[in-house]
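Observations on the model geometry
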Amino acid sequence: MLKAFFERCRHEEMDCLQLLLPGSLIENLVKKIEEGSLRTVLDVVNYFEANLPIRDYCRSILEAFKSIGLEIRDCETAGKLFTREYADWVLSLLEQLGFIKLRESWRSGENAG
């Protein structure tokens, strides 16, 4: 879905990297995980829901879902689904880059460490 969103942004000539990789937001996320204030995937999803400008990209997100065969009609639902997938992607990326270490319980939505 993220790939479809990025392709949609390129097609519309939008700068979606602002949404996908906002540097200070990611740095703050890592700090919050290290401090223990974000302990579950749901905490991270909520963090992104509160801090990403999803509404600014609503039309592109809806079109991206449509392009992969999911007909979602409202921005709120699309934003929640997008944010969940985005959070999973960011966490995987941060782990692969060595910034964080995820326990199996984190992956299933329980406590992190």
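Another point: the packing of helix α4 (residues 41–51) against helix α6 (residues 75–96). Running from N to C, α4 and α6 point in directions that differ by 120°, and their axes come no closer than 9 Å. Crossing handedness for the pair α4 and α6: right-handed. Residue-level contacts link Val41, Val44, Val45, Phe48 and Glu49 of α4 to Lys80, Thr83, Arg84, Tyr86, Ala87, Asp88, Val90 and Leu91 of α6.

Turning our attention to the packing of helix α3 (residues 23–35) against α6. Viewed as axis vectors pointing N to C, α3 and α6 meet at an angle of 75°, and their least axial separation amounts to 12 Å. It follows that α3 is roughly perpendicular to α6 by the angle criterion. Along the contact surface, α3 presents Ile26, Leu29, Val30 and Ile33, while α6 presents Tyr86, Val90, Leu91 and Leu94. In the contact of α3 with α6, the residues fall into eight nonpolar, no polar and no charged.

Attention now moves to the state of the cysteines. A full pass over the atoms with the stated rule returns one disulfide. The residue that forms a disulfide with Cys58 is Cys75, at a sulfur-sulfur distance of 1.6 Å. Where Cys58 bonds to Cys75 through sulfur, the torsion about that S-S bond is close to -90°, and the disulfide is left-handed. Of this pair, Cys58 sits in helix α5 (residues 58–67) while Cys75 sits in helix α6; the two residues are 17 residues apart in sequence, bridging distant segments of the chain. In this structure Cys58 comes out as buried when scored by relative accessible area, which is 10%.

So, how was this worked out
- Within any chain, residue numbers begin from 1 and follow the written order of that chain's sequence.
- With pLDDT at 70 or above as the cut-off, local features in this predicted model cover only qualifying residues; side-chain atom pairs require 80 or more to be listed or tallied, and sums for whole chains, interfaces and linings still use all residues.
- Just so you know, side-chain values use all the structure's heavy atoms and leave hydrogens and water out.
- In this analysis, axes come from line fits to C-alpha atoms, helices being fitted only over the stretch in contact, and the angle between any two N-to-C directions falls in the range 0 to 180 degrees.
- Secondary structure is summarised from DSSP: a helix means a run of H or I of at least four residues, a strand means a run of E of at least two, and numbering begins at the N terminus for each.
- In this scheme, a crossing is called left-handed if the near helix is turned counterclockwise away from the far one by less than a right angle; it is called right-handed if the turn is clockwise.
- By definition, residues are in contact when any of their heavy atoms lie within 4.5 Å.
- Angular relationships are summarised with four words: roughly parallel below 35 degrees, roughly antiparallel beyond 145, roughly perpendicular across 65 to 115, and oblique for the angles in between.
- Each residue is assigned to one of three groups, with Ala, Val, Leu, Ile, Met, Phe, Trp, Tyr, Cys and Pro labelled nonpolar, Asp, Glu, Lys and Arg labelled charged, and all others, Gly among them, labelled polar.
- The definition used for a disulfide is geometric: two cysteine sulfur atoms within 2.5 Å.
- Throughout this description, buried means an accessible area under 20% of the type-specific maximum (1.4 Å probe, protein chains only), exposed means over 50%, and partly exposed covers the range between.

The quantities given are spatial measurements derived from coordinates; they are silent on function.
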